[in-house]
Amino acid sequence: MSDERYNDRVISGRTWAALAVAKQAAFWSRRLHRGGGEALPGLIAERLSPRILTELTETLPQGTVIVTGTNGKTTTSLAMDLVLSAQGLRVLRNRGGSNLTRGLVSALVQSSSLVNPRPREDIALFEVDEATMPQATAQVSPRLILVTNVFQDQLDRFGDINTTASLIRRGIEQAPEAALVLNADDPVVAALGRDRARVIYYGLDDTSLHARTEPSIDTIGCPLCHSPLHFERRYFSHLGHFRCDRCGFTRPRPRITARNVRLGSAEISASVMAGDRILPLVSGLSGLYNLYNLLAAVAATEVLDVNPKSALDTLTTMEPPFGRLERFVLHGRTGIMHLVKNPTGFNQVIDNVSAWDAGPAALLCLNDNPADGTDVSWIWDVDFAPLAVSFHILIVSGTRAAELALRLKYAGMPMERVIVEPDLLTALDSAVRLVEESAVLNILTTYTAMLELRAGLVRRGVLQEYWR
Amino acid sequence: MTASLGIHIFHLYPRHMNLHGDAGNVTVLASRMHRRDFCVEVTQVDPGDHPDLSQADLLFLGGGQDQGQRAIAAHLFQLGEQIRGLVAKGLPALAVSGGFQLFTRSIRTMDGDELPGISVFDGYTVDGTKRCVGNVVVNAAVLFAAYPSQHANPAAPLESYPHTLVGFENHSGLTYLQDETSILGPVIVGCGNKGDGSGEGAVVNNAIGTYLHGPVLPKNPHLADLLLSAALRHRYGSEIDLEPLDDTVELRAHTVAIERAQAARTARRLRR
């Protein structure tokens, strides 16, 4: 790549010093096993050199891409990473859910050396927390911003959908040069593209799909005039083909779209229309939400000059990322962990496992630590009824297992078919024993419960440690 | 034996005011009546409707975002006088969070606008500088002591139910009540109406306002039954006993919510 062009970007002495200290911190944090060492180096480096994020990202020959939105950030970033890497690009990503600015700095710190403080990679692909967007684009000038969707999520942090949308909008407005890649089917996201020069939309164009679970509570008004939106077709939650009869705001025409969608237990197939071409999509992921993630990655990488055919070829072999659909074998049974973070994601996972993996038992884990959202009221916006039909026993676990049991009671699940076991690993062991050998145990879990389950499985040698 | 008895719940603005699963409250009210063989009718009221509130035995208004509050405030204001009159005659009501704010005299929002409230509770709401977010535990002993007939059935003595209320608060608006309006109870954990950890909620006759969501009724079955007893009394003019229900799951969730609230408070103090 044209590294020479970027050699005139000056790394200040202050940033160099910050890098040196942060690298020490990262080293000792790992040495002392204080977790993945993700946030701390970034936090220290940011304090010591407030311009470090700007200085280091400016040296990247292919610039920076930001992925934000409520659901699908990690899966979409991983998909883009695979596609870009297959083109021979070296991609820098922030990992482990570290999507505040310190997580971005940590990734950069890890990638630079003190001899040559410029990151080794060609392009940075940053997942950015929605609320962090204003801080992120104040420091980084991305060439592309991708917004996946805006759902209700961890309300104790953000307030509401409108608050989230306005934070993303502020972030986007600070990056007037950036190309936007937006989900056409999400009215809140689609509205972000108005008055922008370079916008690419992606969406679904399938007439046969309809959501099995009830739409979640994310029913929203027109993002422009607040009157009710009319949906000609709704895929799930508020994603679909919409139109406002009052102000005329309507779903933009997507450049990348999918038809003939077929969903299976671990399978998605569809015909992707990219401009005037029709291309086959085959994936080992599952769920409509992952189809959106794949389309997002195809649309975004096309903006980065990868043709959609190559992108789709690469994505055929994609494995799901950390904690999303992770598989392991315990006592001869296969466990599948599904990360659930908000009503829409939860409904989608319930939809999937109830349709394909009905069986004797499933495990549901609800924690209320800050990373999960301390307000558990969101589970009242989840439709649990399909689980009660598809599974004989539901084991509930985590810090709010009791709340989950109560929720299931109101979803029509007889309480004699619910086992409450707050301790996650004990619950996992009981759950595994309930499914037949060679059968699948589905585990629907919030973030910190997933980390705890994972740590337990690592101790037992069932799973590999995640951070390298 | 009670098959012919029932109540009529009016659910105000379910499409505009349903944050944090608040519709779950109506599910709980209906379910607790059905399990006791009472009939329940639920009428949903939207802006533009002309509801016959004289038919109501219980009103419910959930929380909403600023946008939702703005969309319904004018319509609610038109019903205000009638609602105040009915509440004075004992009509029970539950107004949560943004709904609670609309049951005060006025709301001054973040943008400095003033929304008119319906003055069921004598007080006003202004926008505070910081958001009150977290688990809440309220000591509602006084409230439950004032309704001794709530669990008249000896099989479910009042003592078996806690005198606490649990839930989650998330509000930047602060509500200041006049002295005569009594609060739901003093806050044990949390911010409460004024954000200062003093009092939470409001009570006038059988109308209850609260910042607790979660939703509030599933984990507080004793509060649900208090409202249902009042609804039956309003409808039939006499005491009708509510048979006890198996609330094991409900009370376990209640207890865990208290534990989690206390754990979070301890963690906050240690951090300081």
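Residues numbered from 1 in each chain as written. Chains lettered and ligands numbered in written order. Predicted model: local features only at pLDDT ≥ 70, side-chain atom pairs only at ≥ 80, totals over all residues. Heavy atoms only, no water.

This paragraph deals with the overall build of chain B. Check the secondary structure of chain B and you find 7 helices and 12 strands. For chain B, the C-alpha radius of gyration of 18 Å lies close to 19 Å, the compact-globule estimate for 272 residues. In terms of overall dimensions, chain B has a C-alpha envelope of 55 × 45 × 30 Å along the principal axes. When burial is assessed residue by residue, chain B has 59% of its 272 residues classed as buried. Residue pairs at least 24 apart in sequence account for 76% of intrachain contacts in chain B once pairs closer than 6 positions are excluded. Within chain B, the 28 negative side-chain charges are centred at a point lying 8 Å from the centre of the 22 positive side-chain charges. (Helix = DSSP H or I, 4+ residues; strand = E, 2+ residues; numbered from the N terminus. Rg over C-alpha atoms; globule rule 2.2 N^0.38 Å. Buried < 20%, exposed > 50% of the residue type's maximum accessible area, 1.4 Å probe, protein only. Contact = heavy atoms within 4.5 Å. Lys, Arg positive; Asp, Glu negative; His and termini not counted. Charge placed at Lys NZ, Arg CZ, Asp CG, Glu CD.)

Among the nonpolar cores identified, the biggest contains 68 residues, and A:Phe384 and B:Leu217 are the most heavily contacted of them. The residues touching B:Leu217, leaving out its near neighbours within four places in the chain, are B:Asn25, B:Val28, B:Leu29, B:Leu94, B:Leu223, B:Ala224 and B:Leu227. (Core = buried A, V, L, I, M, F, W, Y, C linked by side-chain atoms within 4.5 Å.)

Looking now at the environment of B:Leu226. Residues and elements named next belong to chain B. Of note, Leu226 is situated in helix H6 (residues 221-236). For Leu226, a relative accessible area of 3% gives the class buried. In the structure, Leu226 is positioned 155 residues away from Ala71 in sequence and 31 Å away in space, judged by C-alpha atoms.

Okay, the interface of chain A and chain B next. Contacts between chain A and chain B engage 25 residues on the former and 29 residues on the latter. Linking chain A to chain B there are 3 salt bridges. A salt bridge links A:Glu403 to B:Lys219, with the shortest nitrogen-to-oxygen separation between them at 2.8 Å. Inspection of the chain A/chain B interface yields 11 residue pairs in polar contact (both at pLDDT 80 or more). Elements with a contribution of two residues or more to the side of chain A that touches chain B: helix H8 (155-158), helix H9 (161-173) and helix H15 (401-410) of chain A. (Salt bridge = Lys/Arg side-chain N within 4 Å of Asp/Glu carboxyl O. Polar contact = N/O pair within 3.5 Å; in protein donor to acceptor, adjacent residues only side chain to side chain.)

Residues and elements named next belong to chain A. Each assigned domain of chain A is listed here: domain 1 (4-315) and domain 2 (326-459). Domain 1 and domain 2 are separated by 28 Å when their C-alpha centres are compared. With 24 residues of domain 1 in contact, the opposing surface of domain 2 contributes 24 residues. Of the roughly 2,000 Å² buried between domain 1 and domain 2, counting both surfaces, carbon and sulfur atoms make up 44%. For the pair domain 1 and domain 2, the interface holds 0 salt bridges. Joining domain 1 to domain 2, the criterion identifies 2 residue pairs in polar contact (both at pLDDT 80 or more). Broken down by secondary-structure element, the contributors of at least two residues to the side of domain 1 that touches domain 2 are strand S9 (256-264) and helix H11 (288-303). Grouping the amino acids of the side of domain 1 that touches domain 2 by side-chain chemistry returns 7 nonpolar, 12 polar and 5 charged. (Domains from an automatic or database assignment. Buried area = accessible area lost by both parts, 1.4 Å probe. Nonpolar A, V, L, I, M, F, W, Y, C, P; charged D, E, K, R; others polar.)

What follows is about the side chain of B:Gln65. Structurally, the position occupied by B:Gln65 is in the loop between strand S3 (58-61) and helix H2 (66-88). Since its relative accessible area comes to 17%, B:Gln65 is described here as buried. Contact partners of B:Gln65, with chain neighbours within four places excluded, come to A:Gln152, A:Asp160, A:Ile161, A:Asn162 and B:Leu19.

Our next topic: the packing of aromatic side chains. Tallying each qualifying case throughout the model produces 11 aromatic pairs over all chains. Ring centres of A:Phe346 and A:Trp378 lie 5.8 Å apart, and the angle between their planes is 50 degrees; on these two criteria the pair is classed as tilted. Residue A:Phe346 is located in helix H13 (residues 343-356), and its partner A:Trp378 is located in the loop between strand S14 (359-365) and helix H14 (385-390); the two are separated by 32 residues in the primary sequence. Like A:Trp378, A:Phe346 is buried. The interplanar angle of 40 degrees and the centroid separation of 6.1 Å between the aromatic rings of B:Phe103 and B:Phe121 together place this pair among those described as tilted. One end of the pair, B:Phe103, is in the loop between helix H3 (98-102) and strand S5 (106-108); the other, B:Phe121, is in the loop between strand S6 (114-116) and strand S7 (123-139), and 18 residues separate them in sequence. Here B:Phe103 and B:Phe121 have matching classes, each one buried. The ring of A:Phe231 has A:Arg234 sitting right over it, with the charged end atom 4.2 Å from the ring centre. (Phe/Tyr/Trp six-rings, centres within 6.5 Å; stacked < 30°, edge-to-face > 60°. Lys NZ or Arg CZ within 6 Å of the ring centre and 35° of its normal.)

Atomic detail in the predicted coordinates should be set aside for any region of low pLDDT. Per-residue confidence for chain A gives a mean pLDDT of 88; residues scoring 70 or more make up 91%. For the stretch residues 1-7 of chain A, pLDDT sits under 50, and the model shows 12 contacts to residues farther than four places along the chain or on other chains. (pLDDT = per-residue confidence, 0-100.)

Bringing the sheet that holds strand S12 (residues 207-210) of chain B into the picture now. Residues and elements named next belong to chain B. Within the open sheet, the 6 strands sit side by side as S2-S1-S3-S4-S12-S11. Their pairing is mixed. Strands at the two margins of the open sheet, each flanked by one partner only, are strand S2 (39-45) and strand S11 (202-204). Put simply, the sheet's adjacent strands are angled 15 degrees from each other on average, direction ignored. Bridge count between S11 and S12: 3 bridges; the pairing is antiparallel. Within the sheet, the bridge partner assigned to Ala202 lies in S12 and is Gly209. Against the sheet, H6 touches strand S1 (6-12), S3, strand S4 (93-96) and S12, its axis set at about 115 degrees to S1. (Pairing = 2+ DSSP bridges. Axes fitted to C-alpha atoms, helices over the stretch in contact; angles between N-to-C directions.)

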